[in-house]
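Chain and residue survey
Okay, here's what each chain looks like letter by letter:
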Amino acid sequence: MATSSRATLEKEPHEVASMFDGVARRYDLTNTILSFGQDRSWRKLTRAALNLKPGEKVLDLAAGTGVSTVELARSGAWCVATDFSKGMLKAGADRPVPMVAGDAMHLPYADASFDAATISFGLRNVSDFEAGLREIARVTKPGGRLVVCEFSTPVFAPFRTVYMEYLMKALPAVARAVSSNPDAYVYLAESIRAWPTQEQLATMIADSGWSNVQWRNLSGGIVALHRAVR
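Let me begin by describing the structure that accompanies this report. It should be emphasised that the depicted structure is a prediction, and the values quoted were computed from it without experimental measurement.

1. What about the environment of P154?
With respect to the helices, strands and loops of the structure, P154 is situated in the loop between β5 (140-151) and α7 (157-178). Residue P154 is classed as buried on the basis of its relative accessible area of 1%. Distance in space between the C-alpha atoms of P154 and G220 is 5.5 Å, their sequence separation being 66 residues. The contact partners of P154, leaving out residues within four places of it in the chain, are F159, R160, Y163, G220, G221 and I222.

Following this line, the structure appears as structure tokens:
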């Protein structure tokens with residue numbers, strides 16, 4: 001009998017890494033389908049929010065196959081993809097950006113290495129994400145920028161109800177048709193439901209060594225961009 005590779009919401013790091021290794025092959029395609037193509041615009045808005053300049057050094061954490069890193073590099077900045085799933089990095093190995101395997105809570109970089117840092121749809125998967133935010137602060141220069149792009153809480157109550165129904169019912173069903181590991185998308189839905197609201201996350205970012213925390217809702221609050229300064 002096959003065992004499920006779906007990680008629990010307690011997020012044991014090796015379980016989450018294994019789960020992402022399992023979805024790496026069709027990860028980008030699945031995300032585009034499940035987001036109705038909005039993932040592309042979310043990446044562009046993340047790049048814009050970082051206000052990158054040519055020559056700056058940028059950490060793209062939880063970068064997966066490097067699609068987001070390639071988008072960031074359009075700015076002319078030097079951008080490195082970092083992820084703890086070696087399977088994801090391998091799946092994106094042909095992309096023209098440097099890739100480094102690393103754990104968000106123990107980053108393989110010196111203090112104050114980066115002018116800016118971002119993590120898209122990955123903070124939920126860090127077993128202690130507040131420790132992860134502090135670690136990102138450690139490797140970011142004073143005055144450096146952070147953008148967290150993450151699933152969030154829709155602001156319009158009727159839409160929020162419809163969205164949660166989609167997450168728990170439609171999303172796993174679609175994932176079964178297109179993903180190499182549909183169990184991972186059940187975890188995705190559950191982790192989104194358990195995630196802090198925009199206001200709660202802003203407070204946690206501020207408590208983790210960041211200042212001037214602001215956020216912007218995208219797609220009615222399905223996604224939020226949180227910006228902060230080191």
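2. Considering the environment of D60
Turning to its location among the elements, D60 is positioned in strand β1 (residues 57-61). Each C-alpha atom, one on D60 and one on M99, is 9.6 Å from the other, the two residues being 39 residues apart in sequence. Every residue in contact with D60, bar those within four places of it in the chain, is listed here: S68, T69, L72, V80, A81, T82 and T118. Looking at D60, its side chain comes within polar contact range of the side chain of T69, at 2.6 Å.

3. With respect to the pairing of strand β6 (residues 211-218)
Strand direction decides the pairing type here: β6 and strand β7 (residues 223-229), joined by six bridges, are antiparallel. In the strand pairing of β7, R216 is matched with L225. Once β6 ends, the chain turns through four residues before running back antiparallel as β7, passing S219 with a positive phi of about 50°.

4. A look at the sheet that holds strand β3 (residues 99-101)
What links the strands of a sheet is backbone hydrogen bonding, and the strands pair in either a parallel or an antiparallel sense. The seven strands lie next to each other as β3-β2-β1-β4-β5-β7-β6, forming an open sheet whose pairing is mixed. Of all strands in the sheet, those bounded by a partner on one side alone are β3 and β6. Taken over all neighbouring pairs, the strand axes of this sheet differ in orientation by 20° on average, direction set aside. In terms of strand pairing, β1 meets strand β4 (residues 114-120) through four bridges, oriented parallel. Opposite V58, over in β4, you have A116 as the bridge partner. Packed onto the sheet, helix α9 (residues 198-206) meets β5, β6 and β7 and runs at close to 155° relative to β6.

The rules behind the values
Residues numbered from 1 in each chain as written. Predicted model: local features only at pLDDT ≥ 70, side-chain atom pairs only at ≥ 80, totals over all residues. Heavy atoms only, no water. Helix = DSSP H or I, 4+ residues; strand = E, 2+ residues; numbered from the N terminus. Buried < 20%, exposed > 50% of the residue type's maximum accessible area, 1.4 Å probe, protein only. Contact = heavy atoms within 4.5 Å. Polar contact = N/O pair within 3.5 Å; in protein donor to acceptor, adjacent residues only side chain to side chain. Pairing = 2+ DSSP bridges. Axes fitted to C-alpha atoms, helices over the stretch in contact; angles between N-to-C directions.

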